[in-house]
Amino acid sequence: MAVSDHVDLPRFIEGVKKRNPGQPEFVQAVQEVAEDIFDFIQDKEDYHKWQILRRIAEPDRVVSFRVVWEDDNNNIRVQRGWRVQNNNAIGPYKGGIRFHPSVTEGTLKFLAFEQTFKNALTGLPMGGGKGGSNFNPKGKSDAEVMRFCQSFMTELYRHIGADVDVPAGDIGVGAREIGYMFGQYKRITNEFTGVLTGKGLEYGGSLIRTEATGYGATYFLLNMLKTKGQDLVGKVAVISGSGNVATHAAEKVTQLGGKVVTLSDSEGFIHDPAGLDQEKINWVKHLKNVKRGRIKEYVDQFAGSTFTAGKTPWGVPCDVALPCATQNELLGEDAKTLIANGCIAVSEGANMPTNLDGVHLFKEAKILFAPGKAANAGGVAVSGLEMSQNSARISWKEEQLQQLLVDIMDGIHSRCVEYGQQGGGYCDYVKGANIAGFKKVADAMLAYGVV
C-alpha cells in the first residue's frame, strides 16, 4: 500500500466540513479531537498510511427512518428516527437514545463520535453509537409515549442486538421509555437478551446505573483536585441541569463535603446560597422524575433561593463547576466569567457542554478541566457492566458496582494523565482523553486491515 500524503489540520477540517454540510456540532467534535491527535500521530506513519482518523470521522453507517404513531386524539403523527453506528473496532456499538425536538442527524453523529472515545477510555469492550428522534416526550401521556416507543423500536430492532449494538437512555429517554422499547423488542424477536441498558431491576437492569454518570463526574473531579492536594470539602459547586446526571452529581458533591448552590433547566436556573442538602436534592428528583415539573418551582418550596429566567448559572461565583445539562451550554464568555470568579476546576457531566472557545480558554488558564468523554464516562461504564451481567445471567451487588465505578473512573483519570501531562504540574485532560481514546480504537483498526 502506498504511503498517503500527510494532510495538515486545516485541510482535514475543511474536508470534514465539506462532507458534513449543515452539521456544525459534528464538525466541532471532530475538530476538538483532531487538534490533539494531529501532533500525536505526526511521526506515526501507520496511522497516516491507513487513514485512521479519516475513517473514525466517517460513521460506519447512519440509519434514518420514519416513526408513525397515533396520539390520544387519534391524530396520526410522523417523526424521524436515527441510529448512528460510528465505530465497532473494540466492541458492539454502544450509546444512548435521545428523544428531544432538537435532535438532528448531525447532533447524533457528534454524540456517536464522542461516544467512540468515551467508551474506549472505560477499558471495556464497547464501540461508539448514538440514536434518537425529534419526538418530544414532554407533555405527552404515558399511552402516547408507549405508542411512540413501540413504533420507534419496530424499525430500530432490525439494526441492534446484544452483540451488534446496545442502546441506552439519554435526554428524554428514562426507565419508562427503555421499558416500552425493551418490551417491543422482546415481543417482535421473541428473545430476552441484553439489547438495551438502563433497564429496570426487575428485568435485567443494574444497580447504580441511575447514579453512575453524576457520581462518576464527581469522582473524576475529586481525582483532579487530589493532584493539587485538595478535595471537595468546603468547595462551592455550580451545577447546570436538574435531571438524572445533575441531581446525582449534586448528591455526590454534597456527600464529599462540597456545597452545591445551583441547578437549572431550559427555562433558567435556581440559586440557593444555603446549599442543596440531601432533602432538597430528593425534592428536585421527585419534581423532575414524578411530577415532571420545572426547576423554578424550587423557590416556592425553599426560602432564600432565587430563580433567574433565561440564563445559565455560570455567573454565580464558585470553586468548581459541573455542566450537566446539554451541549454548548457553556460558552467562551461563560468560561471567562468562571475563571475571573476563581473557579479552579470544571468537570463535564454532559456531552460537549463547553464550546471550543470555552475549552481553549480553560486550557490557556491551566485550570483543571475534564472533558465529557472522560468525566461522564461512568454512566456508559456501568451500562457496560450491565451488559456483562446480562451475558452471564447474573446480578452484582451494589457494593461491588460502586467499587467498580470508582476503579473505572480512577483508570480513566490515569489514562488522561499519561497522555496529557504537560510538565510544570499541568495536565491537559482534553488532550490526554483524546489521545488515550484514539490510540485504543486506532490500534484495533490497524489490526483489522482495510475494513
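Residues numbered from 1 in each chain as written. Predicted model: local features only at pLDDT ≥ 70, side-chain atom pairs only at ≥ 80, totals over all residues. Heavy atoms only, no water.

## Side note on the packing of aromatic side chains
Rules: Each aromatic pair joins two rings of Phe, Tyr and Trp (for Trp, the six-membered one) with centres within 6.5 Å, and gets the label stacked for planes under 30 degrees apart, edge-to-face for over 60, and tilted for any other angle. Put simply, DSSP H or I for four residues or longer makes a helix, DSSP E for two residues or longer makes a strand, and each gets a number counted from the N terminus. Buried means the residue's accessible area, taken with a 1.4 Å probe over protein chains only, is under 20% of the maximum for its type, while exposed means over 50%, and partly exposed covers the values in between. The criterion is that NZ of a Lys, or CZ of an Arg, lies within 6 Å of the ring centre and within 35 degrees of the ring normal, and then a charge sits over that ring.
Per the counting criterion, the structure on display carries 22 aromatic pairs. When the ring of F40 is compared with that of Y419, the centres are 6.1 Å apart and the planes differ by 85 degrees; the resulting orientation is edge-to-face. Remark: Y419 occurs in helix α16 (residues 398–420) and F40 occurs in helix α2 (residues 24–41); sequence separation between them is 379 residues. According to the relative accessible area criterion, F40 is buried, its value standing at 14%. For Y419, a relative accessible area of 25% translates into the label partly exposed. Measuring from centroid to centroid gives 5.9 Å for F99 and F135, while their planes differ by 90 degrees, and the two rings are edge-to-face. Pair noted here: F99 is in strand β3 (residues 93–99) and F135 is in the loop between β4 (127–133) and α6 (142–156), with a separation of 36 residues, a long-range link. For F135, a relative accessible area of 0% translates into the label buried. One aromatic cluster is present, formed by F65, W69, F99, F135, F148 and F152 through successive ring pairs. When the ring centre of Y215 is taken as reference, the NZ or CZ atom of K252 above it lies at 4.4 Å.

## Some remarks on the sheet that holds strand β5 (residues 165–168)
Going by this rule: Here a strand pair is declared whenever DSSP counts at least two bridges between the two strands. As a rule, the C-alpha atoms of each element are fitted with a line to give its axis, helices using only the stretch in contact, and angles between N-to-C directions run from 0 to 180 degrees. What makes two residues a contact is simply this: any of their non-hydrogen atoms within 4.5 Å.
Strand order in the open sheet made by the five strands is β1-β2-β4-β3-β5, with mixed pairing throughout. Unpaired on one side and paired on the other, β1 (61–70) and β5 mark the two borders of the sheet. On average, each strand axis in the sheet is inclined to that of its neighbour by 20 degrees, with strand direction left out of account. Bridge count for strand β2 (residues 76–87) against β4 is six bridges, and the pairing is antiparallel. Within the sheet, the bridge partner assigned to W82 lies in β4 and is G132. Helix α5 (residues 105–122) contacts β1, β2, β3 and β4 of the sheet and is inclined by roughly 150 degrees relative to β4.

## A look at the nonpolar core
Generally speaking, soluble globular proteins have nonpolar side chains that are buried together. What counts is decided by this rule: Remark: nonpolar core denotes a set of buried residues (Ala, Val, Leu, Ile, Met, Phe, Trp, Tyr, Cys) joined through side-chain atoms within 4.5 Å.
By size, the foremost hydrophobic cluster in this structure holds 56 residues, and its most contacted members are F220, L221, I239, L263, L322, L405 and I412. With eight residues, the single largest contributor to this core is helix α8 (residues 209–226). The contact partners of I412, leaving out residues within four places of it in the chain, are L121, T122, F220, A374 and A377. With 37 residues, the next largest nonpolar core counts F12, A34, F110 and A442 among its residues.

## Remarks on the pattern of salt bridges
To keep things clear, this is the line we draw: Salt bridge, as used here, is a side-chain nitrogen of Lys or Arg placed within 4 Å of a carboxyl oxygen of Asp or Glu.
Within the structure shown, the criterion is met by 25 salt bridges. Residue D165 pairs with R83 through a salt bridge whose shortest N-O separation is 2.7 Å. Placement of the pair is D165 in strand β5 and R83 in strand β2, with a sequence separation of 82 residues. An identical accessibility class is assigned to D165 and R83; each is buried. Between K291 and E297 there is a salt bridge, with the nearest N and O atoms lying 3.7 Å from each other. Through salt bridges that share partners, D265, E267, K288, R294 and K296 make up one connected network.

## Details of the packing of helix α9 (residues 244–255) against helix α10 (residues 278–289)
Filter applied, for reference: Roughly parallel means an angle under 35 degrees; roughly antiparallel means over 145; roughly perpendicular covers 65 to 115; every other angle is labelled oblique.
Across the interface, α9 lies against α10 with an axial gap of 10 Å and an inter-helix angle of 170 degrees. One element, α9, and the other, α10, form an angle in the roughly antiparallel class. Taken together, the residues of α10 that come into contact with α9 (itself represented by T247, H248, A250, E251, T254 and Q255) are Q278, I281, N282, V284 and K285.

## Some remarks on α9
Quick reminder: α-helices carry 3.6 residues per turn. Residues three or four places apart thus point the same way. Our working definition: Here a helix's expected span is defined as the number of its residues, less one, multiplied by 1.5 Å.
An ideal rise of 1.5 Å per residue puts 16 Å on 12 residues; α9 measures up with 17 Å between its terminal C-alpha atoms. Counting buried positions along α9 yields nine of 12 residues, so the element is predominantly enclosed. Among the residues of α9, V245, A246, T247, H248, A249, A250, E251, K252 and V253 are the ones counted as buried. Structurally, α9 contributes buried residues whose contacts are with α8, β6 (236–240), β7 (259–265), α10 and β10 (320–323). Trailing α9 by a residue or two, G257 shows a phi angle of about 100 degrees, which is positive.

## Things to note about the side chain of Q327
Here is the rule: Under the rule applied, a polar contact is a pair of N or O atoms within 3.5 Å (in protein, one hydrogen donor and one hydrogen acceptor; residues adjacent in sequence only if both atoms are side-chain atoms).
Examined against the element boundaries, Q327 turns out to sit in the loop between β10 and α12 (332–340). Classification of Q327 as buried rests on a relative accessible area of 11%. Within polar-contact distance, the side chain of Q327 engages the side chain of E25 at 3.2 Å. Dropping the residues within four chain positions of it, Q327 is found in contact with E25, R98, T107, F110, N351, M352 and P353.

## Thoughts on the confidence of the model for the protein
Spelled out, the test is: By definition, pLDDT measures how confident the predictor is in each residue, and it falls between 0 and 100.
The pLDDT averaged across the protein works out to 96; a share of 99% of its residues lies at or above 70. Taken together, the stretch residues 1–5 has pLDDT below 50 and engages in nine contacts with residues farther than four places along the chain or on a different chain.

## Some details on the side chain of N86
With respect to the helices, strands and loops of the structure, N86 is situated in strand β2. According to the relative accessible area criterion, N86 is buried, its value standing at 0%. Engagement of the side chain of N86 in a polar contact is seen with the backbone oxygen of I56, the distance being 3.4 Å. A polar contact is formed between the side chain of N86 and the side chain of T116, at a distance of 2.9 Å. Leaving out residues up to four positions away in the same chain, N86 has contacts with I56, E58, P59, D60, Y93, A112, F113, T116, G128 and G129.

## Observations regarding the packing of helix α1 (residues 9–19) against α2
The criterion, for reference: Two helices crossing with the near one rotated counterclockwise from the far one by less than a right angle form a left-handed crossing, whereas a clockwise rotation gives a right-handed crossing. Throughout, the ten residues Ala, Val, Leu, Ile, Met, Phe, Trp, Tyr, Cys and Pro are labelled nonpolar, Asp, Glu, Lys and Arg are labelled charged, and all others, Gly among them, are labelled polar.
Their axes nearest at 10 Å, the elements α1 and α2 cross at an angle of 160 degrees. With respect to their mutual orientation, α1 and α2 come out roughly antiparallel. The element α1 and its partner α2 pack so that their crossing is right-handed. For the pair α1 and α2, contact is made by L9, F12, I13, V16 and K17 and by F26, V27, V30, Q31, A34, E35 and F38, respectively. Residues that form the contact of α1 with α2 fall into these classes: nine nonpolar, one polar and two charged.

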